[in-house]
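Each chain is listed here by its residues.
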Amino acid sequence: MRRPGKLITRNSLNMTFNRRTMLIGGAQGLVGTILAGRMAYISVVENERYKMLSESNRVNLTLIPPRRGWIIDRNGKPLANNKADFRVDLIPQRVRDIEATIGQLGQILRMTPDEVDDLRVAMKDARGLQPVPVAAGLTWEDFAALSVRLPDLPGVAPQRGFSRQYPTGAAVGHLLGYVGIANAEEYEQSKNPLLITPGFKIGKDGLEKYYEQRLEGKPGARKVEVTARGKIVRELGVKEDTPGKPLKLTIDGGLQEFVARRMGRESGAAVVIDCQTGGILAFSSMPSFDPNSFSDGIGRLEYAMMSQDERVPLLNKATRGLYPPGSTLKPMAAVACLQNGVDPEETVNCPGGYRLGNRFYQCLGRHGPVNMTRAIEKSCNTYFYAQAHRLGYDKIAMVAREMGLGEEFDLAGLNQRYGTIPDSEWKMRKYKQGWTASDSLNAVIGQGYVIVNPLQLAVMTARLASGRKLYPHLIPNDKIAPTLPYAPEHLAIAQQGMAQVVSQGTAARSKLPLEGIAMAGKTGTAQVRGFGSGSRGGAGVPWKYRDHGLFVCFAPVEQPLYAAAVVIEHGLGGSRAAAPVAKDFMTYMFDPQKAMDSLLALEAGWGGNIAERMASEFATFRARSEGGAPAEPAPEDSAP
Amino acid sequence: MLSFVPRPVADLPWQIIAITVTIAAFGVIVLYSAAGGSISPWAGIHALRFGVFLVMALVIRMFSENFVKLGTFPAYALFAVLLLLVELAGAVKGGSQRWIELGGFRLQPSEFMKPLVVLAIARFYEMIPIGQARSWSAIWPPLVLIGVPWFLVMTQPDLGTSIAVMSGGVTVMFLAGVPLRLFIGAGLAGAAFVPFAFFFLLREYQQNRVLIFLDPESDPLGTGYHISQSKIAIGSGGIGGKGYLQGSQSHLDYLPEGHTDFVFATMAEEWGLVGGLFVIGLFALLLRWATVVSLNAPSRFGKLAGGGLTMVIFFYIAINLLMVMGLAPVVGIPLPFLSYGGSSMMTIMICIGLLMGIERNTRESGSSAGRVIS
C-alpha cells in the first residue's frame, strides 16, 4: 500500500489531519448553508402556499344546508315544510372499516336487519365524499350516544339540521314529488360542494324538482378549528343559511288530502279545477307513495313492494294515465252538435242500439225517443251514434280539442301523456286508412281511438261549465281566460243535460247531500278489453280486465265554482265507482264536516287511513318476502 | 481572565457551556409550547435531564486522556456484547428490540456505540506505528471495529443509528490519513451497492420511507404525511413565525412527533426563519468549537477522537434537519438539545464531555504553540 518516495512522519500525518479536518469542516459548513437556504426557500418563497395548506388543515369549513322553501296551498297552509331533525350520514371515503362501522351504527341506533342491509348495499355503490344517509329523525339520546363515539367511527357524520316534511304524506306524493340526496352524476355535472354536504337534498320529482332553484336557498357555513383527528376545538364563525323562497300553489290542502283519502283502496286519479280561474284545487293519483319515506331514502323492500303493485303507485295517473273516456265526452259532443245546427229538441228513437250497415251498435238500454238533454241524462248511445253518423267525427274532434282534450298543458314540468283525439287526417297519417262511419260511432261514445288523461277531462268539464277557455295551472296567476267561441245557450243545454244526470239520470244516487246546492255531471264506463269483442268487463272477471269507471262534474249547477274529473281504474262503472267519490269531495267544498264524517265511516271499513293502510300492506309484504317468496316478480310467460 | 474568579471556575469551558445551555433552554421553551403551553410532560423533564447530563459531561471532562484510552477497548467490548444480547433478546421475543431494562432505566447500547466506535478507532490509530498509517494493516481492523456494531444495529433494524455509527468511525479513518482513493473507491462501490441494499436489505417499511421521501405527495396521508406536515409547519411560519404558542400545526396534532424528531418544525412554525437561523447558527458555533478543539489537540488520539466526535454530533443535526425540511427520508434521528428524549441527549453530552476533556488536556499541556486556530 505504501507509495514509494513518500515518507510518513508525525508531521505529515498532522498536516493530513489538519487538511482533512478543514475539508470536513467546509463540507459541514456547506450542508449548514444548504439547510439555511432550504429553510429560507420554504418559509419565504413558498410561504403563501404553506400558509394556505396550514389554514386548510386547521380550519374546517362545513356548509350548512339551506332550509328549503315551504310549499303552501292557496290558504297558506303548508304542503311541504321542514322539521328540525337529528340525522346521520356516512362519508364513504373516510370510513376505515365499513363492516365494523355499519355494525356499530346498527347497534347504537337500534336499526332493523332490513335497514342494516339497505345501508350495506348503499355503501357498496358509494364512492368518495358523497354522503350515504344512515338515519334521520333521531332522538336526542341516540344522537348524543353517537356523538360521543365519533372518535372511533371515522366517516360517520351526525348532523343537526332540517329535513323535508310532507304533513299529508302520500296525499301529495305525485303532486309535489320528493327530495333526495344528489347522485354522483348530478355532483359530477355541477361540482357544487353543497351537493355532497350531508343533509342537503334536491328536488327529485314533481314540483320539488321543477322549482328547485326557487326552493333551494343559499347555504350557510360554519368555520371550525379542528385537530388532525377531527375533533372540533372551537367555532371560528357562522354564517346562517338563507332559506329558499316559499312556493304558493292553487291547491286547496284540505281538499287535496280529502280527495286522496276518499279514493280509498281504489286505483285512480281525480283532478278538481277552480271554474273561475282554472287553478287546480286538487290533483290526486292513488295509490301513491309517501314522499316522506322517499325523501329519507326509501328502503329496498318498500320500493320493491311499490314496483310490484298492480295498482302502479309510482305512476302519476292524473297526467300519465291514459283512459278511453267513454260517455263522459257526450256533453262535449252535444255542444259540437249544437254548433253544427242540430236542433236540441229533435228526438232520436232508441230501440236499444243503432244499425250501421250490417252491424248493430249496442246502447245500454231501450230509451225510446230522446232529445239532446235526455240523451245526456240517460247516456243514450243511439242518439250520439246518429248525430256522429250525420255530422262526421271531424267536426266533433274540433270541439273536443277546443275543450282541452288531446292537449299537453304547460304545467310546472309535470310529465304528461296527452293521448289522442282522432280525426280523418290523423287516421290517414297514422294508419294510411280512410275514416269510416264506424270510427265516428266509436269515437263519439269515447271509445275506439279516443284516449285521454284525467287532467284533460277535468279541463274539459271546467271549460264546459264556465264557458271560458280556462288553462289548468298550479301557481296562481292573474290571467283572465278568454270565452269559448260557443253560444252560451249551447253550453247551457249541455250543462242542463249534465244537471239531469245527477238529478234524475245515471248518477242520481250521487246527489249532493246539501240544501240548495246541486251538482251536474256525466258518468262514463270505459272498456278495458277491446270494444265490440262482446265481452263486458263486469264484476265476474279478474280486476285488471274490469271496466274503468269515470265521472266528470261541476257544482253548483247554476253558478259553477268547481269542476272535476274522477277516474277509478277497473271500478266497473262511472256511476258505481267514480260518482260517489266526486259527490263526497264536492260536499267537502261546501260542508267539510259532513264530508269528513262520511269519510271516517268509510275509512273504518277500509282498515284505516292512508298511512295506516300503507303500513299494514308493508308489514304483510315483508312477512311474505321473508317467508321465501321471491322479491322480484316472476316473468309472466314463465307458466308452461 | 478576571483575577477574582477562582481558577477552576475560570478554566471551565464557558463558551461551549453557554452554547449548549442556550440551545437546550430554547428547547425547553419550544417543548413548553409543544405541550400546549405546559411544563409537563416534556419541558420540565427536558430541563432536568439537560442539567444532569451537563454535570455528567463536566465529570467526563475531568477524565484524563490515559484513563479514556485505557477504558476505550473494554467499554467497546462490553457494549458490543450488550448489543448482541439486545439482538438475541429481540430474536427470542420476536420483533425489534433496541434497549435493555436496567431497573426502570432503558439502556440503549447503540447510543453508547456511536462515541465508542470513534474512540476505539482513534485509539487504534494512535497505537500503530506512524509508518504503517497508510498500510492495509491500518485499514482492516477499523473496518471490523465499525462493521460489528454497524451490522448489529442495522439488523435491529435501526437504519439511522447504524449509519451514525458508521459515519463517526469512517470519519476517524479519513482523518487518520487512510488514502483518499480508497474513500473514492468505497463511495463508488457504495453507490453500486445502494440498489442491492434497497431491494434486499431494507424492510418494506424502510423501502416505503425512501420511496415516499422521493415523492412525498404520492402518499399524503400515509408515510409521506410526516414530511408534508413538517414542510407545512416550517413553510407557514414565514420569516417571523406565527408567534409563541400560536402554532396550529403542532397544537392541533397535524405535525406528528412534534416534540421529538420533528421538534424543529414545531419551533419553526412559531419562530419562523429567524428562529431557524438562530438554531442553525448555534449549532454552527458548537461544531466550530468542536472542530477547533480537535485541531488544537496535542495528542494524535485527541485529534482523531475530537474529529470523530464532531462528526457524530454533526450527523445528528444534519440528518434531522435534512429530514424535517424534506431533503432526507424519515429515519428517526432526533435533533440535539431540542428533541425530547434521554438517550440521544446522553450520547451528545458524552461527546461534548469528551471534547471538553480534550480541550482541557490541550490547555493543561500548554502546547498553545501548536494551536492552529484560537
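Numbers given for residues are sequential positions, taken from 1 along each chain in its written order. Labels follow written order: the first chain is A, the first ligand is 1, and so on. Totals for whole chains, interfaces and linings use all residues, but because this is a predicted model, local features are given only for residues with pLDDT of at least 70 and pairs of side-chain atoms are given and counted only at 80 or more. Note: side-chain values were computed over all heavy atoms of the structure, leaving out hydrogens and water.

Undergrad: Before we go on, may I ask you to explain the overall build of chain B in this structure?
TA: Helix and strand content of chain B: 14 helices and 2 strands. Just to be clear, the radius of gyration here is over C-alpha atoms, and the globule rule we use is 2.2 Å times residues to the power 0.38. The C-alpha radius of gyration computed for chain B amounts to 21 Å, which stays within 12% of the reference 21 Å derived for 374 residues, consistent with globular compactness. Projected onto its principal axes, the C-alpha positions of chain B cover 60 × 60 × 45 Å. Accessible area is worked out with a 1.4 Å probe on protein chains only. A residue is then buried under 20% of its type maximum, exposed over 50%, and partly exposed in between. The 374 residues of chain B split such that 57% are buried. Excluding contacts between residues fewer than 6 apart, the proportion of contacts in chain B whose partners are at least 24 apart in sequence is 74%. Each accessible area is a Shrake-Rupley estimate made with a 1.4 Å probe; only the visible protein chains count as cover when residues are assessed. Accessible surface, chain B: about 15200 Å² in total, of which carbon and sulfur atoms supply 71%. In this tally Asp and Glu are treated as negative and Lys and Arg as positive; neither His nor the chain ends contributes. Every charge is mapped to an atom, namely NZ of Lys, CZ of Arg, CG of Asp or CD of Glu. Taking the average place of the 21 positive charges on the side chains of chain B and the average place of its 18 negative ones, the gap between the two points comes to 12 Å. Segments assigned H or I by DSSP are reported as helices when at least four residues long, segments assigned E as strands when at least two residues long, and all are numbered from the N terminus. By the convention used here, residues are in contact when the closest approach between their heavy atoms is within 4.5 Å.

Undergrad: Help me out: how do you make sense of the overall build of chain A in this one?
TA: A tally of regular secondary structure across chain A gives 24 helices and 19 strands. Overall, the C-alpha framework of chain A stretches about 150 × 60 × 55 Å when taken along its three principal axes. A buried classification covers 53% of the 640 residues belonging to chain A. Here the contacts in chain A between residues at least 6 apart in sequence split such that 72% fall between residues at least 24 apart. Counting every atom, chain A has about 29200 Å² of accessible surface; 52% of that belongs to carbon and sulfur. Measuring between centres, the 77 positive side-chain charges of chain A sit 7 Å from its 64 negative side-chain charges.

Undergrad: Explain the sheet that holds strand S9 (residues 232–239) of chain A to me, please; I cannot follow it from the model alone.
TA: Consider a sheet: its strands pair through backbone hydrogen bonds, and that pairing is either parallel or antiparallel. Residue and element names in this part refer to chain A. Pairing is antiparallel in the open sheet, where 3 strands are placed in the order S1-S8-S9. Both outer strands of the open sheet, strand S1 (59–64) and S9, are each paired with one neighbouring strand and no more. Across the sheet, the mean angle from the axis of one strand to that of its neighbour is 25°, orientation sign disregarded. In this description, strands pair whenever DSSP reports at least two bridges between them. Bridge analysis of S1 against strand S8 (residues 220–226) gives 6 bridges, and the strand direction is antiparallel. By the bridge assignment for S8, leucine 63 is matched with alanine 221. Set on the sheet, helix H2 (residues 47–58) makes contact with S1, S8 and S9; between it and S1 the angle comes to about 55°. Fitting a line to C-alpha atoms yields each axis, with helices limited to the stretch in contact; the angle taken between N-to-C directions then spans 0 to 180 degrees.

Undergrad: Would you mind showing me how to read helix H19 (residues 437–444) of chain A here?
TA: Residues that lie three or four places apart on an α-helix share one face, since the helix turns once every 3.6 residues. Residues and elements named next belong to chain A. With respect to burial, H19 is a largely interior element, 6 of its 8 residues being buried. Every buried residue of H19 is listed here: Asp439, Ser440, Leu441, Asn442, Ala443 and Val444. Each element contacted by the buried residues of H19 is listed here: helix H14 (330–339), strand S14 (353–356), strand S15 (359–362), helix H16 (381–391), helix H17 (393–402) and helix H18 (424–431).

Undergrad: I would appreciate a short explanation of the interface of chain B and chain A in the present structure.
TA: A common way to express how large an interface is: the accessible area buried when the components associate. With 60 residues of chain B at the contact, the number on the chain A side is 41 residues. What counts as buried area is the accessible surface, traced by a 1.4 Å probe, that two parts surrender upon association, with contributions from both included. Taking both partners together, chain B and chain A bury about 4300 Å²; carbon and sulfur atoms supply 70% of that area. Broken down residue by residue, the surface that chain B buries against chain A is led by B:Ile130, B:Arg134 and B:Leu252, which jointly contribute 15%. Residues adjacent in sequence count toward polar contacts only when both atoms are side-chain atoms; beyond that, a polar contact is any pair of N or O atoms within 3.5 Å, and within protein one must be able to donate a hydrogen and the other to accept it. The tally of links from chain B across to chain A stands at 12 residue pairs in polar contact (both at pLDDT 80 or more).

Function-wise, these values are silent; they only describe arrangement.
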